[in-house]
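Listed below are the residues making up each chain.
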Amino acid sequence: MATTLMRLKRIELGLTQSQLSRISDVEQHRISLLERGFAQPTPQEAQALAKALEIPAEDLQKVGKVIKE
């Protein structure tokens, strides 16, 4: 099984995709696509998600990269 850095951080914070969506104002389906590596965040999404996940925005450039568990 593989997962993205973004998903790991979201889970670490105890957030569902829906909760992250409400906090960041990024649509849940976009978060799903980003976590599965099917999309890259726009600059606005990266900023909003980084703030919500308490990480530097540049870390979200790694969203499409997958980590093996």
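In the block above lies the structure referred to throughout.
Residues numbered from 1 in each chain as written. Predicted model: local features only at pLDDT ≥ 70, side-chain atom pairs only at ≥ 80, totals over all residues. Heavy atoms only, no water.

Visitor: Mind showing me how you'd approach helix H3 (residues 28–35) here?
Guide: Every α-helix carries 3.6 residues per turn, so stepping three or four residues along brings you back to the same face. Among all positions of H3, only Arg 30, Ile 31, Ser 32, Leu 34 and Glu 35 are buried. Looking one or two residues past H3, Gly 37 carries a phi angle of roughly 80°, positive in sign. (Buried < 20%, exposed > 50% of the residue type's maximum accessible area, 1.4 Å probe, protein only. Helix = DSSP H or I, 4+ residues; strand = E, 2+ residues; numbered from the N terminus.)

Visitor: Which parts of the structure should I look at to understand helix H2 (residues 17–24)?
Guide: Taken as a whole, H2 has its buried residues at Gln 17, Leu 20, Ser 21 and Ser 24. Along H2, the residues classed as buried sweep out an arc of 105° about the axis, all on the same side. Looking at H2, the residues exposed on the side facing more than 90 degrees away from the buried face are Arg 22 and Ile 23. Taken from the residues just after H2, Asp 25 is the one with a positive phi, measuring 65°. (Arc of directions from axis to C-beta.)

Visitor: Would you explain the packing of H2 against H3 in this entry?
Guide: Viewed as axis vectors pointing N to C, H2 and H3 meet at an angle of 115°, and their least axial separation amounts to 8 Å. Of the two possible hands of crossing, H2 and H3 adopt the one that is right-handed. On H3, the residues that touch Gln 17, Ser 18, Leu 20, Ser 21 and Ser 24 of H2 are Gln 28, Ile 31, Ser 32 and Glu 35. Looking at the contact of H2 with H3, its residues break down into two nonpolar, six polar and one charged. (Axes fitted to C-alpha atoms, helices over the stretch in contact; angles between N-to-C directions. Left-handed = near helix turned anticlockwise from the far one by under 90°. Contact = heavy atoms within 4.5 Å. Nonpolar A, V, L, I, M, F, W, Y, C, P; charged D, E, K, R; others polar.)

Visitor: It is not clear to me how the nonpolar core should be interpreted in this structure. Could you clarify?
Guide: Soluble, globular proteins show a tendency: their nonpolar side chains are buried together. Core analysis: the largest hydrophobic core is formed by 15 residues, its most contacted members being Met 6, Leu 20, Ile 31, Leu 49, Leu 53 and Leu 60. Those elements that provide at least two residues to this core are H3 and helix H4 (43–53). If one sorts the elements of this core by residue count, H4 sits on top with five residues. Those residues in contact with Leu 20, other than ones at most four positions away along the chain, are Met 6, Arg 10, Leu 15, Asp 25, Ile 31, Leu 49, Ala 52 and Leu 53. (Core = buried A, V, L, I, M, F, W, Y, C linked by side-chain atoms within 4.5 Å.)

Visitor: What should I look at first to understand the pattern of salt bridges in this one?
Guide: Where side chains of opposite charge bring their charged atoms close, a pairing between them can arise. Under the definition given, this model contains three salt bridges. Its salt-bridge partner being Glu 35, residue Arg 10 comes within 2.5 Å of it at the nearest N-O pair. Of the two residues, Arg 10 sits in helix H1 (residues 5–12) while Glu 35 sits in helix H3, which places them 25 residues apart along the sequence. With a closest N to O distance of 2.7 Å, Glu 45 and Arg 30 form a salt bridge. Taken together, the residues span a long stretch of sequence, with Glu 45 in helix H4 and Arg 30 in helix H3 at a distance of 15 residues. The pair formed by Glu 45 and Arg 30 is uniform in burial state, with each residue classed as buried. (Salt bridge = Lys/Arg side-chain N within 4 Å of Asp/Glu carboxyl O.)

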